[in-house]
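Here is what each chain is made of, one letter per residue.
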Amino acid sequence: MIRVGVNGYGTIGKRVADAVRLQPDMQLTGVAKTRPNYEAATALQNGYALYSAIPERSHLFAEAGMELAGDVDDLVRASDVIVDATPSGVGAENADRYRAHDTPAILQGGESADCVDASFVAGVNYDEAAGADLLRVVSCNTTGLSRLLDPLDREYGIEKVRVTLVRRGGDPGQTDRGPINDILPDPVTVPSHHGPDVNTILPEVDIDTVGLTVPATLMHVHSVNVTLDTAPTRSALADLFGRQSRIFLVDETLDIDGTADLKEFAADSGRPRGDLWENCLWQESIAVEGTDLYLMQSIHQEADVVPENIDAIRALGGERTADESMALTNEYLGVGM
Ligand code: NAD
């Protein structure tokens, strides 16, 4: 059993904690919270041991009637691996704490690639994670692009990638984010940082990215153009994407016309929180002009990194192969539409 602690129990952390609990070879040691809010209350309802992320604030939990199992150092001591899902920049600050305990940790995409030993997407570079002290599961967008581009590069060779990322303004619970009535070039400078981040996973791929942010909360949408070394057919592409366990090829027969329907489909299918762990690739959007491929995919920003975090936990130990780990994660989480 791999004992896993989760430090930072927000959008990503609570999903990772739930996913860890489902794995047959993992035990959730507990979750660390900075304050006794509704998420701390539901962690306790779920039976998760609750730890204080900031020891000086531990008394607040007692005052709110919430029982603590200890503070964050106790959580690290009790764990073989820590998943740090704190806000951008905090993970890097926490790294010294994990080093002091000699406990490997997995940071998230908000952290810089420079502060970790390796960046990670399970289907692409699983083997590079073995023995790392600090690993980074890359952002939702980088995860989605890497999952898409790696099989294309292996099958046809990639000459050039151009992506426009239409980004959600904030997650559904983020009432302080926006815009609420605008379309922002974000960043206004070209290229955006997403391309270089993809290169932390696929260093050889020539990629330029452009970003916009829109008043939406449900998912991101990527408009992708790839110039390949050899010309594919539409049906061969559909076959290739259909074989990827973390790509959901959205078939026209489902009559799903946008991200709202996708989320509704996930909720109706019984997915926890309506989560979509797969890239949602619009099959009808696949178009080929010689060696030029065009397509669109939607990425559920709150969810696609969750199976990657589970595989990252196993990859650190180096005891299972990528295929074994991904198969276990897919089976016990329920990945695959
Ligand atoms: P979030 O704000 O929803 O959750 C972060 C949690 O960490 C909050 O509960 C916060 O109270 C807590 N926290 C703050 N300081 C802490 C500390 N010192 N110790 C312990 N906990 C602390 O953030 P999120 O969206 O879950 O993002 C977490 C990380 O995941 C970031 O690096 C982010 O870039 C990355 N990420 C986010 C998304 C997304 O769309 N939400 C997608 C992929 C990756």
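You'll find the structure just up there.
This one's a predicted model, so the numbers in the text were calculated from it and none came from an experiment.

A. Looking closely at the pairing of strand 9 (residues 158–168). In this sheet, strand 12 (residues 220–228) lies alongside strand 9 in antiparallel orientation, the contact comprising eight bridges. Its bridge partner lying in strand 12, Val-166 is registered against Val-221. Across eight bridges, the pairing between strand 9 and strand 11 (residues 207–214) is parallel. Bridge pairing links Val-163 to Thr-209 in strand 11.

B. Representation of helix 7 (residues 140–156). In a regular helix each residue adds 1.5 Å, so 17 residues correspond to 24 Å; helix 7 covers 25 Å between its end C-alpha atoms and thus fits that length. Summarising burial for helix 7: 14 of the 17 residues are buried, a large majority. Gly-157 lies just past helix 7 and shows a positive phi near 80 degrees.

C. Molecular detail of the packing of aromatic side chains. What the rule picks out here adds up to three aromatic pairs. Between the aromatic rings of Phe-248 and Phe-265, the centroid separation amounts to 6.0 Å while the plane-to-plane angle is 25 degrees, which identifies the pairing as stacked. Of this pair, Phe-248 sits in strand 13 (residues 247–250) while Phe-265 sits in helix 10 (residues 259–268), and the two are 17 residues apart along the sequence. Judged by relative accessible area, Phe-265 falls into the partly exposed class, the value being 25%.

Calculation criteria
- Residue numbers run consecutively from 1 along every chain, following the written order of its sequence.
- Where totals are concerned, whole chains, interfaces and linings use all residues; where local detail is concerned, this predicted model gives features only for residues with pLDDT of at least 70, and gives and counts side-chain atom pairs only at 80 or more.
- No hydrogens and no water enter the side-chain calculation; it runs on all heavy atoms of the structure.
- Here the rule is simple: two strands pair whenever DSSP picks up at least two bridges between them.
- Going along the chain from the N terminus, every DSSP run of H or I of four or more residues is numbered as a helix, and every run of E of two or more is numbered as a strand.
- Working rule for helices: expected span equals 1.5 Å times residues minus one.
- Each residue is assigned to one of three classes by its accessible area relative to the maximum for its type, calculated with a 1.4 Å probe on protein chains only: buried under 20%, partly exposed between the two thresholds, exposed over 50%.
- Pairing of aromatic side chains here covers Phe, Tyr and the six-membered ring of Trp, requires ring centres within 6.5 Å, and sorts the geometry by plane angle: under 30 degrees stacked, over 60 edge-to-face, intermediate tilted.

Don't take any of this as a statement about function, it's just geometry.
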